[in-house]
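Take a look at the letters that make up each chain.
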Amino acid sequence: GAVVSQHPSWVICKSGTSVKIECRSLDFQATTMFWYRQFPKQSLMLMATSNEGSKATYEQGVEKDKFLINHASLTLSTLTVTSAHPEDSSFYICSAGSGNQNNEQFFGPGTRLTVL
Amino acid sequence: LAKTTQPISMDSYEGQEVNITCSHNNIATNDYITWYQQFPSQGPRFIIQGYKTKVTNEVASLFIPADRKSSTLSLPRVSLSDTAVYYCLVGGRSGGYNKLIFGAGTRLAVHP
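Here is a short report on the structure shown in this document. If you're wondering where the values come from, they're calculated on a predicted model, not measured in any experiment. (Residues numbered from 1 in each chain as written. Chains lettered and ligands numbered in written order. Predicted model: local features only at pLDDT ≥ 70, side-chain atom pairs only at ≥ 80, totals over all residues. Heavy atoms only, no water.)

1. Comments concerning the sheet that holds strand S6 (residues 61-64) of chain B
Residue and element names in this part refer to chain B.
Then, in step 1: Read from one edge of the open sheet, 4 strands run S2-S7-S6-S5, paired in antiparallel fashion. Of all the strands in the sheet, the pair left with one neighbour each is strand S2 (18-23) and strand S5 (53-56). Between one strand axis and the next, the sheet turns through 15 degrees on average, direction left out of account.
Then, in step 2: Both S2 and strand S7 (residues 70-75) contribute to a ladder of 6 bridges, which runs antiparallel. Directly across from Cys22, in S7, lies its bridge partner Ser71. (Pairing = 2+ DSSP bridges. Helix = DSSP H or I, 4+ residues; strand = E, 2+ residues; numbered from the N terminus. Axes fitted to C-alpha atoms, helices over the stretch in contact; angles between N-to-C directions.)

Right under this line is the structure:
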């Protein structure tokens, strides 16, 4: 099946710094990727839809200037958490759409962000 | 996007069959029903998908009644490694791409 990777798998940073998370589709091209955030014991919350070659579409309540998304190629989307604060500590997961009519998505393994 | 309702948690024992039912009363005509499994600190993993009637693969079966307002994921002979959160999602293409909204999910605990 299709494989999606994320890097890094975990990161610890100081408050005020920026952190970049990469999401790659390894064996297929993805014109659309999605970014989710998941707090402990909670469900995944869709943050934004990343479109190759165009601006991302953010869900209501998600600050686009804080969570910068770049989808420069058909296999790579990046999420940059700018000026991170402890409340941004979470599990960030990306997924890539397969493009088929069955709405199948492939999820990355997630990135654990801890902001001190 | 159709909203889904699932039991918050379920308990079972090794070797038993587990059925998790999901309600999606306002499912749209072009919506598919998809189930994902998630282990702690991992991304969700696709289990099964269907549109109507019954779908079976190597790990599960999905039963969908004619009105499609609910669906049931059936896990045969569960083991301890099936302890996870199971999400039911409905959706189809929206604006040219696929958008999935996760509900609360069902936390399944399998006991020895």
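2. Here's the deal with the pairing of strand S8 (residues 76-81) of chain A
Across a regular strand the side chains alternate sides, sitting on one face of the sheet and then on the other.
Residue and element names in this part refer to chain A.
Then, in step 1: Counted residue by residue, S8 has 6 buried out of 6 residues, so it is predominantly covered.
Then, in step 2: The alternating pattern of S8 places Leu76, Thr78 and Thr80 on one face and Ser77, Leu79 and Val81 on the opposite face, and all of these are buried.
Then, in step 3: Inspection of the sheet shows strand S7 (residues 67-73) paired to S8 by 5 bridges, in the antiparallel sense. Of the residues in S8, the one forming a bridge with Ile69 is Leu79. (Buried < 20%, exposed > 50% of the residue type's maximum accessible area, 1.4 Å probe, protein only.)

3. With respect to the nonpolar core
General note: in soluble globular proteins, nonpolar side chains tend to be found buried as a group.
Then, in step 1: By size, the foremost hydrophobic cluster in this structure holds 25 residues, and its most contacted members are Val4(A), Trp35(A), Phe67(A), Leu79(A), Tyr92(A) and Leu113(A).
Then, in step 2: Those residues within four positions of Leu113(A) in sequence are excluded, and the remaining contacts are Val11(A), Cys13(A), Val19(A), Val81(A), Asp88(A), Ser89(A), Ser90(A) and Tyr92(A). (Core = buried A, V, L, I, M, F, W, Y, C linked by side-chain atoms within 4.5 Å. Contact = heavy atoms within 4.5 Å.)

4. Things to note about the interface of chain B and chain A
Then, in step 1: Between chain B and chain A, the contact holds 22 residues from the first and 27 residues from the second.
Then, in step 2: Carbon and sulfur atoms supply 47% of the area that chain B and chain A bury against each other, a total of about 2000 Å² over both sides.
Then, in step 3: Connecting chain B to chain A are 0 salt bridges.
Then, in step 4: Where chain B meets chain A, there are 5 residue pairs in polar contact (both at pLDDT 80 or more). (Buried area = accessible area lost by both parts, 1.4 Å probe. Salt bridge = Lys/Arg side-chain N within 4 Å of Asp/Glu carboxyl O. Polar contact = N/O pair within 3.5 Å; in protein donor to acceptor, adjacent residues only side chain to side chain.)

5. Brief notes about a nonpolar patch on the surface
Then, in step 1: A contiguous nonpolar surface patch, about 390 Å² in accessible area, is contributed by Trp10(A), Ile12(A) and Leu116(A).
Then, in step 2: Here Leu116(A) is to be found in the segment after strand S11 (111-115). (Patch = residues over 30% accessible without salt bridge, like charges linked within 9 Å, V, L, I, M, F, W, Y side chains within 5 Å. Areas by Shrake-Rupley, 256 points an atom, 1.4 Å probe, with all protein chains shown as cover.)

6. A short note on the state of the cysteines
Then, in step 1: Evaluated as defined, the whole model comprises 2 disulfides over all chains.
Then, in step 2: With its sulfur 2.0 Å from that of its partner, Cys23(A) forms a disulfide with Cys94(A). Linking Cys23(A) and Cys94(A), the disulfide has an S-S dihedral of approximately 80 degrees and is accordingly described as right-handed. With Cys23(A) in strand S3 (residues 19-25) and Cys94(A) in strand S9 (residues 90-97), this pair connects stretches of sequence that are 71 residues apart.
Then, in step 3: On the accessibility criterion, Cys94(A) (0% relative accessible area) is buried.
Then, in step 4: Covalently, Cys22(B) is tied to Cys88(B) through a disulfide, its sulfur atoms 2.2 Å apart. Its S-S torsion of approximately -80 degrees makes the covalent link between Cys22(B) and Cys88(B) left-handed. One end of the pair, Cys22(B), is in strand S2; the other, Cys88(B), is in strand S8 (residues 84-91), and 66 residues separate them in sequence.
Then, in step 5: Just so you know, Cys13(A) is unpaired, no disulfide at all, and the nearest cysteine sulfur is the one on Cys94(A), 18 Å from it. (Disulfide = S-S within 2.5 Å.)

7. Focus on the sheet that holds strand S11 (residues 106-111) of chain B
Residues and elements named next belong to chain B.
Then, in step 1: Within the open sheet, the 5 strands sit side by side as S1-S11-S8-S3-S4. Their pairing is mixed. Looking at which strands have only one partner, the edges of the open sheet turn out to be strand S1 (9-13) and strand S4 (45-50). The mean inter-strand angle of the sheet, taken between neighbouring strand axes irrespective of direction, is 25 degrees.
Then, in step 2: Where S1 and S11 come together, 5 bridges link them in parallel fashion. By the bridge assignment, Ser9 is partnered in S11 with Arg107.

8. Observations regarding the packing of aromatic side chains
Then, in step 1: Under the definition given, this model contains 10 aromatic pairs over all chains.
Then, in step 2: With a centroid separation of 5.6 Å and an interplanar angle of 45 degrees, the aromatic rings of Tyr36(A) and Phe107(A) are classed as tilted. Placement of Tyr36(A) in strand S4 (residues 32-38) and of Phe107(A) in strand S10 (residues 105-107) is noted, with a sequence separation of 71 residues between them. Like Phe107(A), Tyr36(A) is buried.
Then, in step 3: Between the aromatic rings of Tyr36(B) and Phe102(B), the centroid separation amounts to 6.1 Å while the plane-to-plane angle is 50 degrees, which identifies the pairing as tilted. Of this pair, Tyr36(B) sits in strand S3 (residues 32-38) while Phe102(B) sits in the loop between strand S10 (97-98) and S11, and the two are 66 residues apart along the sequence. (Phe/Tyr/Trp six-rings, centres within 6.5 Å; stacked < 30°, edge-to-face > 60°.)

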